[in-house]
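Each chain is listed here by its residues.
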Amino acid sequence: MSLTRKPGSEGLRPASSVEQLRKEGNELFKCGDYGGALAAYTQALGLDATPQDQAILHRNRAACHLKLEDYDKAETEASKAIEKDGGDVKALYRRSQALEKLGRLDQAVLDLQRCVSLEPKNKVFQEALRNIGGQIQEKVRYMSSTDAKVEQMFQILLDPEEKGTEKKQKASQNLVVLAREDAGAEKIFRSNGVQLLQCLLDTGETDLMLAALRTLVGICSEHQSRTVATLSILGTRRVVSILGVESQAVSLAACHLLQVMFDALKEGVKKGFRGKEGAIIVDPARELKVLISNLLDLLTEVGVSGQGRDNALTLLIKAVPRKSLKDPNNSLTLWVIDQGLKKILEVGGSLQDPPGELAVTANSRMSASILLSKLFDDLKCDAERENFHRLCENYIKSWFEGQGLAGKLRAIQTVSCLLQGPCDAGNRALELSGVMESVIALCASEQEEEQLVAVEALIHAAGKAKRASFITANGVSLLKDLYKCSEKDSIRIRALVGLCKLGSAGGTDFSMKQFAEGSTLKLAKQCRKWLCNDQIDAGTRRWAVEGLAYLTFDADVKEEFVEDAAALKALFQLSRSEERSVLFAVASALVNCTNSYDYEEPDPKMVELAKYAKQHVPEQHPKDKPSFVRARVKKLLVAGVVSAMVCMVKTESPVLTSSCRELLSRVFLALVEEVEDRGTVVAQGGGRALIPLALEGTDVGQTKAAQALAKLTITSNPEMTFPGERIYEVVRPLVSLLHLNCSGLQNFEALMALTNLAGISERLRQKILKEKAVPMIEGYMFEEHEMIRRAATECMCNLAMSKEVQDLFEAQGNDRLKLLVLYSGEDDELLQRAAAGGLAMLTSMRPTLCSRIPQVTTHWLEILQALLLSSNQELQHRGAVVVLNMVEASREIASTLMESEMMEILSVLAKGDHSPVTRAAAACLDKAVEYGLIQPNQDGE
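Predicted model only: the values in this text are computed from it and were never measured. (Residues numbered from 1 in each chain as written. Predicted model: local features only at pLDDT ≥ 70, side-chain atom pairs only at ≥ 80, totals over all residues. Heavy atoms only, no water.)

Comments concerning the packing of helix α38 (residues 699-715) against helix α42 (residues 744-758)
Argument step 1. Here α38 crosses α42 at 45 degrees, and the two axes come no closer than 8 Å. Between α38 and α42, the angle falls in the class oblique. Where α38 crosses over α42, the handedness of that crossing is left-handed. Along the contact surface, α38 presents Thr703, Gln707, Ala710, Lys711, Thr713 and Ile714, while α42 presents Leu745, Gln746, Glu749, Ala750, Met752, Ala753, Asn756 and Leu757.
Argument step 2. Broken down by class, the residue content of the contact of α38 with α42 amounts to seven nonpolar, five polar and two charged. (Axes fitted to C-alpha atoms, helices over the stretch in contact; angles between N-to-C directions. Helix = DSSP H or I, 4+ residues; strand = E, 2+ residues; numbered from the N terminus. Parallel < 35°, antiparallel > 145°, perpendicular 65-115°, else oblique. Left-handed = near helix turned anticlockwise from the far one by under 90°. Contact = heavy atoms within 4.5 Å. Nonpolar A, V, L, I, M, F, W, Y, C, P; charged D, E, K, R; others polar.)

Okay, here's the thing in structure tokens:
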């Protein structure tokens with residue numbers, strides 16, 4: 001299906017005065033376009049507004065922010081209005097609403113008391129004051145009742161005689177649960193709770209430390225002042241040091257606590273020194289740097305566990321780089337590079353075997369590479385990037401020169417780390433004098449650990465365009481010798497991956513094969529053999545997957561791979577193991593097998609021109625045609641690919657990068673392409689796994705995942721596919737597919753999916769409205785493509801069950817109702833059905849709209865008559881309901897209808913069998929009789 005879009009434009013119409021813009025903003029606000037209203041009021045403020053006008057505009061902006069649920073901005077705007085006019089009760093009331101939502105009840109009640117004093121008879125203010133007073137009393141009662149409970153919990157937990165008892169376990173669980181509620185967290189905090197939790201941490205007992213850390217999460221969550229106080233009491237160094245303990249569970253709990261602290265401090269930096277309760281506190285930006293500085297120190301601290309080091313890297317990955325490149329401030333990244341780049345490189349250059357001074361895991365170097373890559377990508381200009389290169393090169397030189405063989409190994413390992421991360425920096429490091437030569441020389445070493453470092457560096461270098469030709473010329477023979485002659489599987493498998501990389505240099509281009517016919521298949525067969533050998537450790541088998549990730553560009557390899565059930569089983573088992581660095585390779589191999597990479601069919605005319613000009617023309621492998629791809633997808637589904645991918649998505653590791661998430665999204669989209677396969681994907685948890693992929697990752701990855709969600713929502717019961725609260729999380733990804741940068745097919749599928757959701761419940765309709773989908777859906781109702789236009793109309797029909805949408809149709813000065821009436825007379829029967837359904841719904845819910853139908857078009861009567869005369873019973877019924885609603889709404893409209901041919905049509909329909917159409921037609925005639933417009937015949941009919 002090919003869907004195209006008609007280009008359009010939107011925006012505020014020019015206005016010349018403050019008054020005009022204010023009125024325009026008011027109209028937009030009434031129509032539910034709060035963003036548009038906000039823009040109008042903002043534009044008016046930019047003009048020469050009087051202080052009184054400014055107060056009105058600020059309070060109107062506060063109303064918009066309240067509707068948009070941005071309560072901080074609502075409070076700020078209302079405060080500006082009050083500054084201009086201290087007696088502005090509307091501004092005071094709106095500020096009280098914002099403060100209440102922000103949890104600052106004591107401040108909200110002061111504003112409401114002021115409102116009541118200014119307008120003592122205003123019942124709205126009186127009711128609001130009573131409600132907020134009740135909330136405050138309830139909070140006081142709750143706090144009082146928990147006083148004794150908190151004290152009792154800590155007594156049990158700190159009693160040495162209660163060690164290991166069920167009583168102690170229950171007390172720790174209750175403490176954690178209490179801290180999850182803000183009021184409970186505040187009570188614990190004010191009851192000297194942080195100092196008592198410090199005592200629990202000092203016991204060194206795993207259970208008590210976990211309880212203390214989880215309670216601290218509740219205390220610090222979304223509360224910057226409590227976070228700063230907690231860090232002050234416990235000591236930043238002490239909190240960070242818990243990451244490095246041997247207990248994996250405690251280290252992960254500490255990681256979660258530090259993440260919550262980072263979020264609270266970052267929010268504080270964004271909002272400018274304000275906590276949840278509005279207290280002025282220490283500069284959160286300074287606290288943030290202290291926390292990051294301690295994490296950087298932990299990276300190179302001897303005695304820290306490998307898991308703790310990995311968790312520290314994970315926190316830095318999440319906390320340091322900008323979330324969006326639209327944010328101009330990358331000062332934190334620059335500071336980390338200056339203060340800690342060498343420390344990150346030290347982890348990246350550490351060897352797992354034999355163990356060095358720093359304990360590292362199989363995932364440490366990959367985590368360091370990801371952090372380095374994110375820091376490099378966060379740089380804004382050439383000068384910043386040049387400084388990064390200089391620091392990296394100086395560090396590598398410091399190990400490479402004058403440190404002997406051990407130093408050279410450390411330097412080469414660091415280069416590998418850079419090649420896996422910011423490859424520009426890795427390529428420059430390879431060009432340093434003697435580095436590449438040392439790599440080649442060490443490949444021939446008799447020491448396994450030296451060979452491993454050198455061969456891995458060679459593999460990573462082979463994937464970079466600048467070095468591939470050099471290695472093809474100088475390294476292929478060496479890799480072949482290692483593969484054939486080495487007695488160690490760990491060396492042979494890595495040499496094989498190097499050959500795989502070089503052998504796949506042509507990608508999917510069938511005409512660009514590097515090796516002789518059949519060589520690629522032999523390499524793939526050996527990779528599968530090693531992959532299936534569970535006697536080899538997971539770290540070594542990972543390299544077999546790396547090899548397949550490259551070799552599966554070849555369609556012959558794909559076909560053999562999906563036929564090998566044992567290899568697929570081994571692949572999926574490895575993806576679930578603790579060897580997390582395998583995830584990207586697994587995802588890459590699956591993308592290749594499902595052909596879910598971007599591919600466009602070349603234009604035949606351009607191909608002929610290229611051949612005429614003797615230019616290279618890429619060729620598709622015969623086994624990459626759609627029928628072969630569909631067959632491979634079926635085999636992967638049978639082998640359990642969905643369950644494996646669901647486990648991969650759940651991974652809490654920096655290895656699950658945005659790029660890796662995008663690959664998984666591509667595979668999921670390929671898996672749900674065929675309708676008959678969607679049930680299998682849903683049954684194995686694919687629907688739930690797609691939601692996080694659609695909410696986080698690259699733009700392309702999020703769009704692919706959202707489209708897969710749309711396909712599932714269209715053809716399956718959404719309440720079964722996304723049980724519980726998950727169904728509400730699906731709305732935002734679907735709405736994102738309505739944007740103009742998405743394809744027509746994506747727009748269409750999103751509209752169809754939203755139509756299904758809108759028909760389920762009012763809460764879902766409200767969620768769709770909250771995501772600002774209505775203006776976009778309305779836009780698609782004007783599309784030239786009939787399928788998109790129809791889908792948008794159907795979606796609007798279901799949304800019309802919501803009061804807010806009914807208000808939009810009832811508002812003056814718009815053509816929404818006219819469009820539905822006209823579409824009810826279109827030739828497209830499906831579009832007619834959707835529009836007539838919308839009309840039936842709206843005229844039932846809002847009788848005032850009935851009197852406006854004759855005003856919107858002179859053809860209204862013939863359109864309704866055509867509906868009643870339709871051969872389609874569903875159209876007949878919808879038309880009959882609209883006519884019945886109009887007859888019941890007004891005697892005048894009923895008179896107009898009965899004076900036309902409508903009466904004859906209704907009379908015929910009323911004589912039919914006992915169908916909904918017959919009953920509606922009879923009801924119309926009965927009402928006309930009641931009005932005295934017609935007389936029943938002698939038979940009483």
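Focus on the environment of alanine 368
Argument step 1. Residue placement: alanine 368 occurs in helix α18 (residues 364-377).
Argument step 2. Residue classification places alanine 368 among the buried residues on the basis of a relative accessible area of 0%.
Argument step 3. Alanine 368 sits 55 residues away from leucine 313 along the chain, and the two C-alpha atoms are 6.6 Å apart.
Argument step 4. With sequence-adjacent residues up to four places away left out, alanine 368 is seen in contact with Leu313, Ile344, Gly348 and Cys417. (Buried < 20%, exposed > 50% of the residue type's maximum accessible area, 1.4 Å probe, protein only.)

Brief notes about the nonpolar core
Argument step 1. Core analysis: the largest hydrophobic core is formed by 254 residues, its most contacted members being Phe668 and Leu671.
Argument step 2. Sort the elements by how many residues they give to this core and helix α14 (residues 248-271) lands first, with 10 residues.
Argument step 3. Ignoring anything within four residues of it in the chain, the contact list for leucine 671 reads Val633, Leu637, Val641, Val642, Met645, Asp677 and Val681.
Argument step 4. In terms of nonpolar packing, the next biggest core, distinct from the first, is built from 10 residues, Val18, Leu28, Ala37 and Ala49 among them. (Core = buried A, V, L, I, M, F, W, Y, C linked by side-chain atoms within 4.5 Å.)

Quick look at the packing of aromatic side chains
Argument step 1. Counted according to the given criterion, the structure contains three aromatic pairs.
Argument step 2. Above the ring of phenylalanine 400, the side-chain terminus of lysine 408 is found at 4.9 Å from the ring centroid.
Argument step 3. Positioned above the aromatic ring of tryptophan 399 is the side chain of arginine 410, whose terminal nitrogen or guanidinium carbon lies 4.9 Å from the ring centre. (Phe/Tyr/Trp six-rings, centres within 6.5 Å; stacked < 30°, edge-to-face > 60°. Lys NZ or Arg CZ within 6 Å of the ring centre and 35° of its normal.)

Structural notes on the side chain of arginine 678
Argument step 1. Within the secondary structure, arginine 678 is located in helix α36 (residues 678-683).
Argument step 2. Nearest to the buried, unbridged arginine 678 among oppositely charged side chains is glutamate 749, at 5.4 Å.
Argument step 3. Filtering out sequence-adjacent residues up to four positions away, arginine 678 remains in contact with Val672, Glu673, Lys711, Leu712 and Thr715. (Lys, Arg positive; Asp, Glu negative; His and termini not counted. Salt bridge = Lys/Arg side-chain N within 4 Å of Asp/Glu carboxyl O.)

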